[in-house]
Amino acid sequence: GRASGLPWHLEDAGHPGMGDSIAAAVRATAGAQGWLVLPGDLPLVQPGSLLAIATALQAHPVVVPLVSGRRGHPVGFAAALGPVLQALGGPEGAASIVRAQATHLMPMDDAGCITDIDTLNDLAAAETLWRSRQPP
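The rules we used
- Residues numbered from 1 in each chain as written.
- Predicted model: local features only at pLDDT ≥ 70, side-chain atom pairs only at ≥ 80, totals over all residues.
- Heavy atoms only, no water.
- Helix = DSSP H or I, 4+ residues; strand = E, 2+ residues; numbered from the N terminus.
- Polar contact = N/O pair within 3.5 Å; in protein donor to acceptor, adjacent residues only side chain to side chain.
- Contact = heavy atoms within 4.5 Å.
- Salt bridge = Lys/Arg side-chain N within 4 Å of Asp/Glu carboxyl O.
- Buried < 20%, exposed > 50% of the residue type's maximum accessible area, 1.4 Å probe, protein only.
- 1 Å grid on protein atoms, 1.4 Å probe; cavity = no way out; pocket = protein on both sides within 12 Å on 5 of 7 lines; lining within 4 Å.
- Points joined across faces, edges and corners; volume = space filled by probe spheres on them.
- Nonpolar A, V, L, I, M, F, W, Y, C, P; charged D, E, K, R; others polar.

Colleague: Which residues make up the side chain of D110, and what are the values?
Modeller: Inspection of the secondary structure puts D110 in the loop between β5 (103-107) and α5 (120-132). Among the polar contacts made by the side chain of D110, one reaches the side chain of S49 at a distance of 2.6 Å. Here G112 takes part through its backbone nitrogen, which lies 2.8 Å from a polar atom of the side chain of D110. Leaving out residues up to four positions away in the same chain, D110 has contacts with L44, V45, Q46, S49, V67 and R133.

Written out as C-alpha cells, the structure reads:
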C-alpha cells in the first residue's frame, strides 16, 4: 500500500469479525475520500492496482477488481458509504454493502488481487508470483 502513495491505515486491534475490523478502520479514518479494503493476506497487490481502484471510485460507489473472471481485493468504497461501513459488524465483512450497491467490476491484470495466503501451498504460489516480478 505504501508504494502507491495513497494514505493508509492498518487496523490490527484484533476484532471479532471482518465487519468489525472494517468499521473500526473507517471510524479511524472518517475524513477519507473513500476506502480500499485490503485484507492482510493479500500482500502482492500492485501499487498501480490500488491507484486504479481509487480513481474508479470517482465514478462508482463500489469498485471490485476482476482478475481472470475472479473477484478480488482491494474492494473500493466511495466516501458516501462511510456511515454504512462504520455500522458493519460480524464475520461477513462488507459483502452486504457490495450486494446492495451498484458495484463496478473492474477488469485488472494483477494476479496479486486474487493471491491470498491461507495455506503453505498458497504461500508457495505467492512466492512464485513475487519472484516472477523481480528484475533478472
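Colleague: Summarise the pattern of salt bridges; cite the residues concerned and give the values.
Modeller: For the coordinates displayed, the defined rule picks out three salt bridges. R133 is the salt-bridge partner of D110, the closest N and O atoms lying 2.8 Å from each other. Here R133 lies in the segment after α5 and D110 lies in the loop between β5 and α5, a separation of 23 residues in the sequence. Owing to a relative accessible area of 3%, D110 belongs among the buried residues under this scheme.

Colleague: Mind laying out the environment of D41, listing which residues take part and the relevant values?
Modeller: Looking at the secondary structure, you find D41 in the loop between β1 (34-37) and α2 (47-56). Its relative accessible area of 25% is what places D41 among the partly exposed residues. Remark: the alpha-carbon pair of D41 and P91, spanning 50 residues in sequence, is separated by 16 Å. Those residues within four positions of D41 in sequence are excluded, and the remaining contacts are T115, D116, I117 and D118.

Colleague: Explain the layout of surface pockets to me, using residue names and the numbers behind them.
Modeller: A volume near 1400 Å³ is recorded for the largest pocket. Lining the largest pocket we find 36 residues, and of these P7, W8, H9, L36 and L38 sit closest to its centre. Elements that contribute at least two residues to the lining of the largest pocket include exactly α1 (18-28), β1 and α2. Within the lining of the largest pocket, the residues separate by chemical class into 25 nonpolar, nine polar and two charged. Estimated volume of the second largest pocket: approximately 240 Å³. Lining the second largest pocket are 15 residues, and of these H73, V75, A94, A95 and V98 lie nearest its centre. Within the residue set of the lining of the second largest pocket, elements represented by two or more residues are α1, β4 (75-78) and α4 (95-100). When the residues that make up the lining of the second largest pocket are grouped by side-chain class, the tally is ten nonpolar, three polar and two charged.

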